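Reading the structure
What follows is each chain in one-letter form.
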Amino acid sequence: MLKFMKNKILIPALIIGGVAAVVSFRYSGTGTRSSESKRKVVLETLMRTINSGHYSPKPMDDTFSVRVFRKIVREFDYDKLFFTQQDMQMLNTFQYRIDDEIEANSLEFFDSLDAVFQRRVKSSEKYY
């Protein structure tokens, strides 16, 4: 009897949940929001979560910016195969500005880093 009741509730709940997920994803993209406004909402939500929900928040200052900058560059180009000296000189201009960009909800550094990295990966594919 218990197994029958479990299936009687579980199967319709799964079906309703699946239909709701499909409908919400299908119609969530048809709004009038541009990709830039969606990006801004995601960034604001992320920053609010980091500032209020992190178990050990760190002060956002230039020290934070330098640590983040070095870690990101190291993660993207661990073996120093992609970024040229000119790329690094351009990216170094952001070294102390990451904390300011976070507070201003700007992604200029990350967009620049991504553009340089994508360009270098494409150029390295020629040699590959």
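What you see is a predicted model; the values in this text were computed from it and never measured. (Residues numbered from 1 in each chain as written. Predicted model: local features only at pLDDT ≥ 70, side-chain atom pairs only at ≥ 80, totals over all residues. Heavy atoms only, no water.)

1. Quick word on the overall build of the protein
The criterion, for reference: By the criteria applied, helices consist of DSSP H or I runs no shorter than four residues and strands consist of E runs no shorter than two, each listed in order from the N terminus. Each residue is placed in one exposure class: buried if its accessible area under a 1.4 Å probe, protein chains only, is under 20% of its type's maximum, exposed if it is over 50%, and partly exposed if it falls in between. For the accessible areas, the method is Shrake-Rupley and the probe is 1.4 Å, while residue cover comes only from the protein chains on display.
Looking only at helices and strands, the protein features six helices and zero strands. Secondary structure elements in the protein, listed N-terminal to C-terminal, are α-α-α-α-α-α. Of all 128 residues assigned to the protein, the portion counted as buried reaches 19%. Accessible area of the protein: about 10300 Å², with a carbon and sulfur share of 60%.

2. Notes on the confidence of the model for the protein
Under the convention used in this document: Predictor confidence is given residue by residue as pLDDT, running from a minimum of 0 to a maximum of 100.
Here the protein averages 77 in pLDDT, while 70% of its residues score no lower than 70. Model confidence for the protein, summarised as mean pLDDT per element, is weakest for helix 1 (residues 2-28) at 56 and strongest for helix 4 (residues 85-92) at 94.

3. Details of the packing of aromatic side chains
Threshold: Each Phe, Tyr or Trp ring (for Trp, its six-membered ring) is paired with any other whose centre lies within 6.5 Å, and the angle between the two planes then decides the class: stacked below 30 degrees, edge-to-face above 60, tilted in between.
Applying the stated criterion to the full structure yields six aromatic pairs. On the basis of an interplanar angle of 90 degrees and a centroid distance of 5.0 Å, the ring pair of Phe76 and Phe117 is categorised as edge-to-face. In this pair, Phe76 is assigned in helix 3 (residues 62-76) and Phe117 in helix 6 (residues 108-127), connecting sequence segments 41 residues apart. Note on Phe76: relative accessible area 34%, which makes it partly exposed.

4. Here we look at the packing of helix 4 against helix 6
The criterion, for reference: Here an axis means a line fitted to C-alpha atoms, over the contact stretch when the element is a helix, while the angle between two N-to-C directions is reported on a 0 to 180 degree scale. For this classification, under 35 degrees means roughly parallel, over 145 means roughly antiparallel, 65 to 115 means roughly perpendicular, and everything else is oblique. Between two residues, a contact is recorded if the distance between any of their heavy atoms is within 4.5 Å. Residues are grouped as follows: Ala, Val, Leu, Ile, Met, Phe, Trp, Tyr, Cys and Pro are nonpolar; Asp, Glu, Lys and Arg are charged; all remaining types, including Gly, are polar.
As a packed pair, helix 4 and helix 6 sit with axes 10 Å apart at the nearest point and diverge in direction by 170 degrees. Here helix 6 runs roughly antiparallel to helix 4, going by the angle between their axes. Residues Asp87, Met90 and Leu91 of helix 4 form the contact with helix 6, whose own contacting residues are Phe109, Ser112, Leu113, Val116, Arg119 and Arg120. Residue composition of the contact of helix 4 with helix 6, by class: five nonpolar, one polar and three charged.

5. Digging into the environment of Ser112
Summarising the element assignment, Ser112 is placed in helix 6. Overall, the relative accessible area of 18% leaves Ser112 in the buried class. Residues Ser112 and Leu91, spaced 21 residues apart in sequence, show a C-alpha to C-alpha distance of 7.6 Å. Discounting chain neighbours no more than four positions away, the residues touching Ser112 are Met90, Leu91 and Phe94.

6. Side note on the nonpolar core
Cut-off, in case you're wondering: Side-chain atoms within 4.5 Å are what join buried Ala, Val, Leu, Ile, Met, Phe, Trp, Tyr and Cys residues into a set we call a nonpolar core.
Grouped together as the largest cluster of nonpolar side chains are 16 residues, with contacts concentrated most on Phe69, Phe83, Leu91, Ile98, Phe109 and Leu113. Those elements giving two or more residues to this core turn out to be helix 2 (35-53), helix 3, helix 5 (98-103) and helix 6. Broken down by element, the residue count for this core peaks at five residues, all from helix 3.

7. Concerning helix 3
To be explicit about the condition: Multiply 1.5 Å by the residue count of a helix minus one, and that product is the helix's expected span.
The end-to-end C-alpha separation of helix 3 is 21 Å, in line with the 21 Å expected for 15 residues at 1.5 Å each. Among all positions of helix 3, only Phe64, Ser65, Val66, Val68, Phe69, Ile72 and Val73 are buried.

8. Observations concerning the pattern of salt bridges
Our working definition: Any carboxyl oxygen of Asp or Glu that lies within 4 Å of a side-chain nitrogen of Lys or Arg is treated as forming a salt bridge with it.
Under the criterion given, the structure shown has four salt bridges. With a closest N to O distance of 2.6 Å, Asp87 and Arg120 form a salt bridge. With Asp87 in helix 4 and Arg120 in helix 6, this residue pair connects regions lying 33 residues apart in the sequence. We note a salt bridge from Glu108 to Arg97, for which the minimum N-O separation is 3.6 Å.

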